[in-house]
Amino acid sequence: MTSSITKYINLLLFAPLLMCLSCYGKRQEGVIVGAERMKEYIPELKSKKVGLLVNHTSVINSIHLLDTLISQNIQVTKVFAPEHGFRGQISNGEIVKNGIDLKSGIPIISLYGKNKKPSKEQMKNIDILVFDIQDVGTRFYTYISSMHYMMEACADNQIKMIILDRPNPNGHIIDGPVLDMKYKSFVGMHPIPVLHGLTVGELAKMIIGEEWLNSKSKLNLEIVPSKNWTHSTPYTIVIPPSPNLPNDQAISLYPGLCFFEGTKISAGRGTDFPFQIYGAPYPSLGSFEFTPTSKPFAAKYPKFENQKCYGVDLRNASKPNSLDISHLIKAYKAFPDKNIFFNNFIQNLAGTDQLKTQIIDQIPENEIRNSWAKELNQYREMRKKYIIYQD
């Protein structure tokens, strides 16, 4: 009886993912992601104990990387899960719990919650660690923070790490304030701009080259690059990388609209159009109306739940080619009580307290952008050393 119930619950939990894979699992024409280049890494995994840091985006032609490796007789001993969980169905900020993958029986270890860096005990029984997660190219998207901590754990325990690289859909843009390390957090661990113009593989090279790892040991890192992609190649992510980035429009608007997480403005969580609309329960913010509601796998407790909000609809807006702060500035000007507009999280997202001050002081947008220029130029020069793909 218990087994039947467990199977039924498993079906309910994983059905959305399976539908997603069947509809969207085919790779973009012409681009070959690192995971698909199996001849480059499968032979190395033979007769090894393998750990995975993966999620629902870790797919090869509609089949999850875990299932692919098992079919190749690879001994996978552990799976590590980032924010949103192994199956990508946990709301932002919600703690990911340890568990068991019901399909394979392999233990799942959460890296989102109190345990962000794997312990020595958790890294036992692993010879090689494979990382394969789709990123979106913003400093505050936490998959790269989980990658950083796993890099440290692998270095500490003398475990080789293989990164199966994937394109960055925002990889053609380098923009935004560079992180002031005074504001280092899990949503910003490196002195890079908001839009850093790197794939996870390129960022990993930078982390090692700039000696940002907190480890006394050297990491043995291998990167399996994507093929037929450059930073200027448009790339559509076929599987939503997290519950609130359902499409290209959301992914392109996310870098600028995510700043609303540090304000009294909703970025559309709890609607069918997250990061494509914004607003709050104040008519001064715009004529577009929406009402956030609880969505268990996307926004369990959304801002302004069940309250009518007024704001702006960006579903058909042009995709930005820079970090778009115009909506943040516009919303601040229209907000009725400016004393409560910002919260302290804005400094973690921006990586500086300067952006908040500039907007409050009504500094023109071009002057705000100019204040980033010197550090951005320095970053661009540093970045050249770590590029795998042409710009």
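Residues numbered from 1 in each chain as written. Predicted model: local features only at pLDDT ≥ 70, side-chain atom pairs only at ≥ 80, totals over all residues. Heavy atoms only, no water.

## Remarks on the pairing of strand S8 (residues 160-164)
Counting buried positions over the 5 residues of S8 gives 5, a clear majority of the element. Side-chain alternation along S8 places Lys 160, Ile 162 and Leu 164 on one buried face and Met 161 and Ile 163 on a second face that is also buried. Across 4 bridges, strand S7 (residues 128-132) lies against S8 in parallel orientation. Within S8, the residue paired with Val 130 across the bridge is Ile 162. With helix H4 (residues 143-156) bridging S7 and its parallel neighbour S8, the resulting β-α-β unit is right-handed. Note: S8 against strand S11 (residues 221-224), 4 bridges, orientation parallel. Residue pairing for S11: Ile 162 is matched across the bridge by Glu 222. (Buried < 20%, exposed > 50% of the residue type's maximum accessible area, 1.4 Å probe, protein only. Helix = DSSP H or I, 4+ residues; strand = E, 2+ residues; numbered from the N terminus. Pairing = 2+ DSSP bridges. Right-handed = clockwise from strand over helix to strand, strands pointing away.)

## Things to note about the pairing of strand S4 (residues 75-81)
The element S4 is extensively covered by neighbouring structure, given that 6 of its 7 residues are classed as buried. When strand S1 (residues 49-54) meets S4, the two strands line up parallel, connected through 5 bridges. Bridging across to S4, Lys 49 finds its partner in Gln 75. In terms of strand pairing, S4 meets strand S6 (residues 107-110) through 3 bridges, oriented parallel. Pairing of Val 79 across the sheet is with Ile 108, part of S6.

## A look at the sheet that holds strand S13 (residues 288-290)
One open sheet holds the 3 strands; their spatial order is S12-S14-S13, and the pairing between them is antiparallel. Edge strands, defined here as strands with exactly one partner in the open sheet, are strand S12 (277-280) and S13. Strand-to-strand twist of the sheet, defined as the mean angle between neighbouring strand axes without regard to direction, takes the value 40°. As paired strands, S12 and strand S14 (residues 309-313) are joined by 4 bridges and run antiparallel to one another. Among the inter-strand pairings, Ala 280 is bridged to a residue of S14, identified as Tyr 310. (Axes fitted to C-alpha atoms, helices over the stretch in contact; angles between N-to-C directions.)

## Description of the environment of Ala 81
Relative to the elements of secondary structure, Ala 81 occurs in strand S4. Distance from Ala 81 to Ile 325, taken between C-alpha atoms, is 32 Å for residues 244 residues apart in sequence.

## Digging into the packing of aromatic side chains
Counted under the stated rule, the structure contains 15 aromatic pairs. Here Tyr 149 and Phe 186 contribute two aromatic rings whose centre-to-centre distance is 6.2 Å and whose plane-to-plane angle is 10°, an arrangement assigned as stacked. Within this pair, whereas Tyr 149 is found in helix H4, its partner Phe 186 is found in the loop between strand S9 (175-178) and strand S10 (193-195), the two being separated by 37 residues in sequence. A relative accessible area of 14% means that Phe 186 is categorised as buried. Residues Tyr 332 and Phe 341 carry aromatic rings whose centres are separated by 5.3 Å and whose planes lie at 80° to one another, so their mutual orientation is edge-to-face. For the pair formed by Tyr 332 and Phe 341, the shared burial category is buried. Clustering of aromatic rings is evident, with ring pairs tying together Phe 140, Tyr 141, Tyr 143, Tyr 254, Phe 259 and Phe 275. Seen from the ring of Tyr 112, Lys 116 lies directly overhead, with NZ or CZ sitting 5.7 Å from the centre. One residue, Lys 338, lies across the ring of Tyr 332, its end atom 5.6 Å from the ring centre. (Phe/Tyr/Trp six-rings, centres within 6.5 Å; stacked < 30°, edge-to-face > 60°. Lys NZ or Arg CZ within 6 Å of the ring centre and 35° of its normal.)

## Focus on the pattern of salt bridges
Summed over the entire model, instances satisfying the criterion amount to 18 salt bridges. When the shortest N-O distance is used, the salt bridge between Glu 152 and Lys 117 registers 3.2 Å. Of this pair, Glu 152 sits in helix H4 while Lys 117 sits in the loop between S6 and S7; the two residues are 35 residues apart in sequence, bridging distant segments of the chain. Given the relative accessible area of 4%, Glu 152 is considered buried. In this structure, the salt-bridge partner of Lys 295 is Asp 272, at a minimum N-O distance of 3.4 Å. Taken together, the positions of Lys 295 in the loop between S13 and S14 and Asp 272 in the loop between helix H6 (248-257) and S12 put the pair 23 residues apart, joining distant regions of the chain. Its relative accessible area of 57% is what places Asp 272 among the exposed residues. (Salt bridge = Lys/Arg side-chain N within 4 Å of Asp/Glu carboxyl O.)

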